[in-house]
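# Summary of the model geometry
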Amino acid sequence: MDAQGRGRADNIDPADQWVLNPNTGEYELRLSPSGPQSAVPGPRRADSGRPGGGGRGGGGSARGRTAGATGAGVGQGAMSPSSSPASSALSAGTALSPEVPGQRRRRGAPEEPVPNRRGRRPVKKKSKAKKILLWTGGIMAFVLVGTAGAAYLYLQHLNDNITSVSDDGASTGGFSKDKAINLLVIGTDKRTGSGNEGYGDSGSVGHADTTILLHVSKDRTNATALSIPRDLIVDVPDCQTAQADGTTKVIPGTSGVRFNTSLGQDGRTPSCTVRTVTELTGIQADNFMVADFNAVKTLTTAVGGVEVCLAKDIDDKDSKLKLAKGTHLIQGEEALAFVRTRHSVGFGGDLSRIQLQQQFLSALMRKLKSNDTLSSPTKMIKLAEAGTKALTVDSQLDSINKLKDLGLELGKLNVKNLTFTTVPVVDNPAEKVKATVIPDPASATTVFQMIKDDVSFTEVKEKAAASKNAAAAAAAARLKGTQSAASAVRVRVMNGGAPAGSAQETLNWLQNDEGVTKSENAGNAPAALARTTLEYGPDQADQARKLAAVMGLPGTALKPGKSVLNSQGLPTMTLTLGKDFKGAGVSLTAPAKVPDSVQKSTADKVQCAK
């Protein structure tokens, strides 16, 4: 196989120099056009039965000497056991196919038996197709091994790109494939990176400028992206953070401050933002990602631009965006200017900018899911490079394999069932000059609860199994039927994971506000429960339905079973307040519809910025 190195191949692949002779059914070495073809020489070996080694494969025959002389004339030493291209090719070929033919015999001469194997029937040659498969299979195996090695090195390269920071115990510990996913995406206004110094406050410590809580349903049929305004007034809790020297530090929380101060301010890390979101919504993120200005520029460039629509001309000197009315393909610096602009859209504030960013992200999602992106290896590699370099992830997503698994889960979504919405807000009543907002008490809690209960903001086809549907129907049926009077309800209240004091709080509310006077505090439950339950005996169904109506309990909370005796020796139901308990008088039934006042849009719809 070293013929090319000896000047005999004339830029022909060495593997192509061996050709099948149709007259003999054997492979022969194809030499230059002026040179005669020689048969494939057999391997030389000593033969004790024939003096001089002149047996098969030796140089003792006249034909062997002629072939040797011819080969030597074309390439010096061609028949040398150590340098012959034939022997080199045979050695290489043997590794792939042990059936490479040996030396041809002289015409008319009887076939010689294999030395030391007298009487054995000649080995049947494999067909041409099988030989080709053996050669091709060997080459393909080499290619696959080589590719696997290259892929391994490239994955290591991507791993080296990833920057991760501790979640400081603020998250759930990472997403699961069999559960709903809550991913917090934090966009900072930190001006690090090439070309970013000229944007706004160049000395920013990197606040939570754009924050989105992405909830992906358990069955992956739908998702909700909840934007949290940076000027929303919230309580930032105490935050334990890991320091560079390996120690931990508790950064004191503050009440009644802008949400964006949950990151950067007083040395707060992304885990502090995670804790603040949990405090605000009751939803604990599984993982988080932090993106800076460079992420927008590099990701949009990697996909070849994102198509956006403007309902009017925009000329914003602050964001440096200047675009005419209509549709534009933007990337890099222009894309960053687009998501930063606010004075030229809507009411000119942060809430208007949030809507613009949601339109941009919808367009980006459509581009990422398009065949134009998914079918382009170049774009996919660029995305891998850009994503691993531009994003900072939590310590639970610190490898390309974990990011790949997350990406596969997110990839199951249909963009028509990805809803973008914003925390419902109203102007801060404590301000004369309106600059901040607070959660809308009429609808914000409902939005948070729908996300927490994995309720879709869009209509999706029910994919659950029939057994699940039957269980849901059975649970709903428990709420149907007659209800007893509140004064006839006998119930004992236990704390099974709710905040301390919840059982007494509920008891006071039931007796003083709802007329459930035959109720008592039974202390702590034997074990904590994720959800509140009401267990009752067969003859207490009407009491259970009444208490469910009073407390807003779903049918799944009702557990037909047995009653217990209260302090008066009378049969009574058992209400166990679980971790989902929100307070006396707060309904535990998940809302089934988004309030009409809540602004929302889906990622499949093209909207033009106004």
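Report on the accompanying structure. (Residues numbered from 1 in each chain as written. Predicted model: local features only at pLDDT ≥ 70, side-chain atom pairs only at ≥ 80, totals over all residues. Heavy atoms only, no water.)

### Points about the overall build of the chain
- A tally of helices and strands in the chain yields 14 helices and 28 strands.
- Counting over 610 residues, the chain shows a buried share of 42%.
- Summarising the internal contacts of the chain: among those between residues at least 6 apart in sequence, 70% fall at separations of at least 24.
- Accessible area for the chain stands at about 31,700 Å²; split by element, carbon and sulfur atoms hold 54% of it. (Helix = DSSP H or I, 4+ residues; strand = E, 2+ residues; numbered from the N terminus. Buried < 20%, exposed > 50% of the residue type's maximum accessible area, 1.4 Å probe, protein only. Contact = heavy atoms within 4.5 Å. Areas by Shrake-Rupley, 256 points an atom, 1.4 Å probe, with all protein chains shown as cover.)

### A short note on the pattern of salt bridges
- Counted by the stated rule, this structure contains 14 salt bridges.
- One salt bridge in this structure joins Arg353 and Asp350, with 3.0 Å as the shortest N-O distance. Placement of the pair is Arg353 and Asp350 together in helix α7 (residues 350–369), with a separation of three residues, close to one helical turn.
- Between Lys389 and Glu385 there is a salt bridge, with the nearest N and O atoms lying 3.8 Å from each other. With Lys389 and Glu385 both in helix α9 (residues 377–390) and four residues apart, the pair spans about one turn of that helix.
- Because the salt bridges share partners, they merge into one network encompassing Asp209, Arg230, Asp231, Arg258, Asp350 and Arg353. (Salt bridge = Lys/Arg side-chain N within 4 Å of Asp/Glu carboxyl O.)

### Regarding the nonpolar core
- Grouped together as the largest cluster of nonpolar side chains are 30 residues, with contacts concentrated most on Leu184, Leu226, Ile228, Leu232 and Phe259.
- Sorting the residues of this core by element identifies β5 (181–188), β6 (208–216), β7 (223–228), β8 (233–236), α4 (270–281), β12 (287–291) and α11 (444–452) as the ones contributing at least two each.
- The element that contributes the greatest number of residues to this core is α11, accounting for five residues.
- Ranked by size, the runner-up nonpolar core spans 24 residues in total, among them Ala503, Leu558, Leu577 and Leu588. (Core = buried A, V, L, I, M, F, W, Y, C linked by side-chain atoms within 4.5 Å.)

### Re the sheet that holds strand β13 (residues 306–310)
- Pairing is mixed in the open sheet, where three strands are placed in the order β16-β13-β28. If you trace the sheet from one side to the other, it starts and ends with β16 (326–330) and β28 (608–609), each paired once.
- Examined bridge by bridge, β13 and β16 share five bridges and lie antiparallel to one another. Across the sheet, Val306 pairs through a bridge with Ile330, a residue of β16.
- Along the sheet face, helix α6 (residues 332–340) touches β13 and β16 and points at about 125° away from the line of β16. (Pairing = 2+ DSSP bridges. Axes fitted to C-alpha atoms, helices over the stretch in contact; angles between N-to-C directions.)

### Some points on the sheet that holds β5
- Spatially, eight strands are ordered β4-β17-β12-β5-β6-β7-β18-β27 in an open sheet, and the strand pairing comes out mixed. One side of each edge strand has no neighbouring strand; the edge strands of this open sheet are β4 (163–165) and β27 (600–602). Shown here is a sheet whose adjacent strand axes are inclined to one another by a mean of 25°, direction ignored.
- Seen against the sheet, α9 touches β4, β12 and β17 (391–394) and runs at an angle of roughly 65° to β17.

### Digging into the state of the cysteines
- A full pass over the atoms with the stated rule returns two disulfides.
- One disulfide in the model links Cys239 with Cys272; its S-S distance is 2.1 Å. Residues Cys239 and Cys272 are joined through a disulfide that is left-handed, its torsion about the S-S bond being -90°. Of this pair, Cys239 sits in strand β9 (residues 239–242) while Cys272 sits in helix α4, placing them 33 residues apart in sequence.
- Given a relative accessible area of 0%, Cys239 falls into the buried group.
- There is a disulfide in this structure between Cys309 and Cys608, and the S-S distance comes to 1.8 Å. Across the S-S bond linking Cys309 and Cys608, the dihedral sits near 75°, which makes this disulfide right-handed. (Disulfide = S-S within 2.5 Å.)

### Section: the pairing of β8
- Residue alternation in β8 divides its side chains into a buried set, Val234 and Val236, and an unburied set, Ile233 and Asp235.
- Bridge analysis of β8 against strand β11 (residues 254–258) gives three bridges, and the strand direction is antiparallel. Note that in β11 the partner of Val236 across the bridge is Thr254.

### Side note on the environment of Gly256
- Of note, Gly256 is situated in strand β11.
- With a relative accessible area of 47%, Gly256 lands in the partly exposed category.
- The contact partners of Gly256, leaving out residues within four places of it in the chain, are Ile233, Val234 and Asp235.

### Topic: unusual backbone geometry
- In the Ramachandran plot, Asp168 falls in the positive-phi region, its phi being about 55° despite a non-glycine side chain.
- Residue position: Asp168 is located in the loop between β4 and β5.
- For Arg220, which is not a glycine, the phi torsion comes out positive at approximately 65°.
- By the element assignment, Arg220 lies in the loop between β6 and β7.

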